[in-house]
Amino acid sequence: MEFTKSHGLRGEITVPGDKSISHRAVMFGSIAKGLTEIHNFLQGADCLSTIACFEKMGISIENRGDRVLVQGNGLHGLKKPDCVLDCGNSGTTTRLISGILCAQDFTVTLTGDESIQKRPMKRIMDPLSLMGADITSLQGNGCAPLLIKGGPVHGIHYPSKVASAQVKSAILLAGLYADSPTSVTEPYVSRNHSEIMLDLFGAQVSAEDTTATIQPASELNGAKVMVPGDISSAAYFIAAGLMVPGSQVLIRNVGINPTRDGILRVCQDMGADLQLLNRSEGAGEPTADILVRWGALHGTEIGGAIIPTLIDELPMIAAMACLAEGRTVIRDAAELKVKESNRIAVMVESLRSMGADVTETEDGMIIQGGRPLHGASIDSRGDHRIAMTFAVTALCADGATDIRGADCVTISYPRFYEDLQGLMV
Ligand code: S3P
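If you're wondering where the values come from, they're calculated on a predicted model, not measured in any experiment.

Enquirer: When you look at the environment of His23 in this model, what are you seeing that I'm missing?
Expert: Within the secondary structure, His23 is located in helix α1 (residues 19–30). Separated by 26 residues in sequence, His23 and Ser49 have C-alpha atoms that sit 9.1 Å apart. Dropping the residues within four chain positions of it, His23 is found in contact with Asp46, Cys47, Thr50, Ser90, Thr92 and Thr93.

Below you can see the structure in the form of structure tokens.
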């Protein structure tokens, strides 16, 4: 797919529902008692993989477009699937579902696409095994396919080496089934959607500093979940508005949970003209409209506790830094190497091919901004966030940019290109 320089983006946009929250609503609804009604559910391929997995375990899920109805069967109401569960490209599906499956009374095999079969699963296998789970990597390489033999689990306190909401959530979900409380301490707080939503479904969850704790539950109750717009999808329009001269974009109803809002803080640090309007608290998940206007940006330093709050936005932020005056340093972001692609290597190589001055480091990159960018041929590597990042970056580059494998945006934002096109002046 080919992209060329833009003369500005103007107008309003509503981005699709949050991916993390959509996954959790289906999962928690499936193991709750009664009806769960999900509004503004993200119809992306990842979240559809989660629906398909629970349908294979006997859960009735009615997908009516932006509303999804889940008839939960209770904590012990899942049925043994008669086939391997396919998590597609979704790390969230694979890791969170493992926390649930390790406590069932059946055996199941989980797998996914080529990318999923390379992503690290030891990070959930280790803590779940400490809880008594029987979970093995069938190739012996710490990746999917995973064989999970469900059985009783017990509570643990787990000091996690990585700040990962997927790891934390897998442990907390297993903790629902345990015989004593379970807690996870992370180096920095990762997104807390599981904690917020488990509370909504009636579980006893608490959080203090970087530790989240869950009490064993007898049942969860179905709930109504209003999914806010995904800030990770909004990130592309925030960046486009800030990067393309003459732009002004209003992005409506975006989730601004403080464990996800790092991109807003970084943009403000870079001198962006960004305003939050119509703030609302929602059911534990705050939202706002985000208004951005193009203007000069300057470099910044990004590292430490802010990293988990903008981990999925770092590719877009790195590209934005190429247009900012001065140096941007991204550190403590080694997790980028184990996402849908090695996002450090891919970003450095691709930005350089467009003329940017970027140096790869152990845990991030250093960007010397302000060099003009030119079009290039970019391979998305099947990574939706790489494809969207370069569709936006191409709008600021001289000449044409060709993105190979551009259709992978269906993972998190099926209508991305139409929505981007709709804002062009
Ligand atoms: C997610 C957590 C993050 C994020 C991913 C979604 C989630 O992954 O990158 O896109 O829904 O819990 P990690 O927990 O591995 O950092």
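Moving on, there is more to tell.
Enquirer: Could you clarify how one ought to interpret the UniProt feature "active site" (unreviewed entry) in the protein chain in this entry?
Expert: In the UniProt entry, the feature "active site" (unreviewed entry) is given for Asp312. Here Asp312 falls in the buried class, since its relative accessible area comes to 12%. Excluding anything up to four places from it in sequence, Asp312 contacts Arg191, Ser232, Tyr236, Lys339, Arg343 and Arg385. At 3.3 Å, the side chain of Asp312 and the side chain of Arg191 are in polar contact.

Enquirer: Would you take a moment to explain the side chain of Thr328 for this structure?
Expert: Within the secondary structure layout, Thr328 lies in strand β19 (residues 326–330). Since its relative accessible area comes to 0%, Thr328 is described here as buried. Within the structure, Thr328 has its side chain in polar contact with the backbone nitrogen of Thr300 (distance 3.2 Å). For Thr328, the residues in contact, after removing those within four places along its chain, are Met270, Gly299, Thr300, Ile302, Ala321, Met365, Ile366 and Ile367.

Enquirer: Explain the state of the cysteines to me, please; I cannot follow it from the model alone.
Expert: Throughout this description, disulfide means a covalent bond between two cysteine sulfur atoms. Evaluated as defined, the whole model comprises 0 disulfides. Left unpaired, Cys53 is separated from the closest cysteine sulfur, that of Cys87, by 4.3 Å. Relative accessible area serves as the criterion here: at 1%, Cys53 is assigned to the buried category. With no disulfide of its own, Cys396 lies 10 Å from the sulfur of Cys322, the closest cysteine sulfur.

What counts and how
- Residues numbered from 1 in each chain as written.
- Predicted model: local features only at pLDDT ≥ 70, side-chain atom pairs only at ≥ 80, totals over all residues.
- Heavy atoms only, no water.
- Helix = DSSP H or I, 4+ residues; strand = E, 2+ residues; numbered from the N terminus.
- Contact = heavy atoms within 4.5 Å.
- UniProt positions renumbered as here; feature names shortened; annotations may be inferred.
- Buried < 20%, exposed > 50% of the residue type's maximum accessible area, 1.4 Å probe, protein only.
- Polar contact = N/O pair within 3.5 Å; in protein donor to acceptor, adjacent residues only side chain to side chain.
- Disulfide = S-S within 2.5 Å.

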